[in-house]
Structures are given as C-alpha cells and as structure tokens.
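Residue strings, one per chain:
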Amino acid sequence: QVQFVESGGGLVQPGGSLRLSCVASGFPFSVYGMNWYRQASGKERELVGVISTDGETTYLADSVKGRFTISRDNAKNTVYLQMNILKPEDTAMYYCNIVAGPDNFWGQGTQVTVSS
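None of these values were measured; they are calculated from a predicted model.

Colleague: Pulling in residues and values, what's your account of the nonpolar core?
Modeller: Judged by nonpolar contacts, the single largest core of 27 residues is most densely connected at Met34, Trp36, Phe68, Val79, Leu81, Met83 and Tyr94. Broken down by secondary-structure element, the contributors of at least two residues to this core are strand 3 (18–25), strand 4 (34–39), strand 5 (46–51), strand 7 (68–73), strand 8 (78–83), strand 9 (92–100) and strand 11 (110–114). Ignoring anything within four residues of it in the chain, the contact list for Phe68 reads Arg38, Val48, Leu60, Leu81, Gln82, Met83, Asn84, Leu86, Asp90 and Tyr94.

Colleague: Give me the pairing of strand 9: which residues, what numbers.
Modeller: Of all nine residues making up strand 9, seven are buried, and the element is well covered by its neighbours. Relative to strand 9, strand 4 runs antiparallel, the two sharing five bridges. Considered in strand 9, the bridge of Trp36 is made with Cys96. Pairing of strand 9 with strand 11, which is carried by three bridges, proceeds in the antiparallel orientation.

Colleague: Provide a residue-level description of unusual backbone geometry, including the pertinent values.
Modeller: Phi angles above zero are rare outside glycine, and Asn77 is one such case at about 50 degrees. Tracing the chain through its elements places Asn77 in the loop between strand 7 and strand 8. The backbone of Ile85 shows a phi angle near 50 degrees, a positive value even though the residue is not glycine. Among the secondary structure elements, Ile85 is positioned in the loop between strand 8 and strand 9.

Colleague: Residue-level account of the pattern of salt bridges, with values.
Modeller: All chains considered together, the criterion is met by four salt bridges. The salt bridge involving Glu46 is made with Arg38; its shortest N-O contact spans 2.6 Å. Of the residues examined, Glu46 reaches a relative accessible area of 34% and is grouped as partly exposed. Assessed through its relative accessible area of 5%, Arg38 is described here as buried. What emerges from the salt-bridge pattern is a single network uniting Arg38, Glu46, Arg67 and Asp90.

Colleague: A description of the state of the cysteines should follow, citing residues and the corresponding values.
Modeller: Scanning the model with the defined rule gives one disulfide in all. The residue that forms a disulfide with Cys22 is Cys96, at a sulfur-sulfur distance of 1.9 Å. Handedness of the Cys22-Cys96 disulfide follows from its S-S torsion of about 60 degrees: it is right-handed. In this pair, Cys22 is assigned in strand 3 and Cys96 in strand 9, connecting sequence segments 74 residues apart.

Reading the values: the criteria
- Residues numbered from 1 in each chain as written.
- Predicted model: local features only at pLDDT ≥ 70, side-chain atom pairs only at ≥ 80, totals over all residues.
- Heavy atoms only, no water.
- Core = buried A, V, L, I, M, F, W, Y, C linked by side-chain atoms within 4.5 Å.
- Buried < 20%, exposed > 50% of the residue type's maximum accessible area, 1.4 Å probe, protein only.
- Helix = DSSP H or I, 4+ residues; strand = E, 2+ residues; numbered from the N terminus.
- Contact = heavy atoms within 4.5 Å.
- Pairing = 2+ DSSP bridges.
- Salt bridge = Lys/Arg side-chain N within 4 Å of Asp/Glu carboxyl O.
- Disulfide = S-S within 2.5 Å.

Just distances and angles here, no functional claims.
Below, the structure written as structure tokens:
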C-alpha cells in the first residue's frame, strides 16, 4: 500500500534551516507529482509546494517562495523540502502527499517548530 515516511522536522530558531525528507513506497514514485502540505495548530491544511515527476517543474506557495525549495530523487523514492530563513509562522506539521485518481494519500507528518 501507499506509504510515506517524513523526517527532518524539529525545533529551530527563527532564521534557521531544516531539510525535510519523505520516503515513499507502494506506488511507482517516478510517475507521480509530489506535494508538500503543512497544517498549523487550529488552521486548515495548506499546500506548500509541488514538484513534477522529473523534478524540472516546481510550484511554491507565495508564503514560502524564495525561502523553500522542493526537490526529488527518483532513484531513492524521496522528495525533499529545503526550508531556509524559517519564521515562527512556518511552525506546523508538514506532510507529503499524492493524489491518485479519487484518492489522497498522506504520510504521518513531521513537526517543525520555529521559536527562539
């Protein structure tokens, strides 16, 4: 079955950096665009970024553009989210996701907390 294992979250000071990883299994990774979402406490889940199957095309939300980058390694079935110049408002649970037909698949998430 489809599975994601996110990692790399933690506590970081404002201005710091983190690199999130999401290892996928149970589906043909290289033929799916991959998504990163986040959900802050008490807020709706929001799309952070999208990467195409070959990694050549990416989309990043305005709130993170210029600070975050998304990449993937199809040989490792892994998608990454490099987060720089982190702000307290980036504090959230971060999830990777695919949409396959009518179904949405999610990982368990990794918590990012930005605080001094």
